[in-house]
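Descriptive structure summary
The primary structure of each chain is shown beneath.
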Amino acid sequence: MGKNASAFYGVSIRANGASVRIGANTSVLERACVMATTSPCVIGSGVTIGANAQVHSCKLNDECVVGSNAKVLNGSVVERHAVVTPGSFVPENQVIPAGQLWSGTPASYVRDLTAEEIDIIKDSAMETLELAEAHAFECEKTFEEMELEKEELEFEERKNSPHYFDPDIEAGRSGRIYSSNN
């Protein structure tokens, strides 16, 4: 796995007879399966593999997207800036050309992506990378650190309540004393 690559919960990465290589800044989301059996599975940089997707002995070039629940089978190639939509099925030895949107079972060409959509691919990869980094940071905290943060948050919530009373702030101010004798 390359620098800043992430594999989220429940991901299975298996090299059964061939190698798996995952590039930098690539995210493999929850419960996805990446497997190499007959030939290597090569995944480029800045790739997003959606939740529960299955990627088998194929090549995913830089900055492409395989949607959730999609399947990309042996020998297939998804070129740079291409998108396989969620739930699609890419059969063996299929080539998804650069900058195209493919969808269906089996996946077929839908249309070319716009420049804005290609930018979204890059932005999405970076957002997922930031999420993975934030998650890793939170997971490194000790129980004591988490409890201290919880106490500080609860104190801030109480302090911002309209019913909060701080004697140090209120000292010297005319009070709210009610007497039935007045």
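Structural data are supplied above this passage.
So, here's what we can say about the structure.

How each quantity is defined
Residues numbered from 1 in each chain as written. Predicted model: local features only at pLDDT ≥ 70, side-chain atom pairs only at ≥ 80, totals over all residues. Heavy atoms only, no water. Disulfide = S-S within 2.5 Å. Buried < 20%, exposed > 50% of the residue type's maximum accessible area, 1.4 Å probe, protein only. Patch = residues over 30% accessible without salt bridge, like charges linked within 9 Å, V, L, I, M, F, W, Y side chains within 5 Å. Areas by Shrake-Rupley, 256 points an atom, 1.4 Å probe, with all protein chains shown as cover. Salt bridge = Lys/Arg side-chain N within 4 Å of Asp/Glu carboxyl O. Lys, Arg positive; Asp, Glu negative; His and termini not counted. Charge placed at Lys NZ, Arg CZ, Asp CG, Glu CD. Helix = DSSP H or I, 4+ residues; strand = E, 2+ residues; numbered from the N terminus. Expected span 1.5 Å × (residues − 1). Contact = heavy atoms within 4.5 Å.

Right, let's talk about the state of the cysteines for a bit. For the structure on display, the rule yields 0 disulfides. This cysteine, cysteine 41, is not joined by any disulfide, and cysteine 58 carries the nearest cysteine sulfur, 4.4 Å off. Note on cysteine 41: relative accessible area 0%, which makes it buried. The exposure class of cysteine 58 is buried, given its relative accessible area of 3%.

On the surface, Glu116, Asp119, Asp123, Glu127, Glu130 and Glu133 cluster together into a negatively charged patch. One can find aspartate 119 in helix α1 (residues 115-139).

Glancing now at α1. Helix length check: α1, at 25 residues, gives a terminal C-alpha distance of 36 Å against a target of 36 Å (1.5 Å per residue), a fit within 8%. Residues of α1 that are buried in the fold lie against β1 (6-7), β4 (27-28), β7 (48-49), β10 (65-66) and β13 (83-84).

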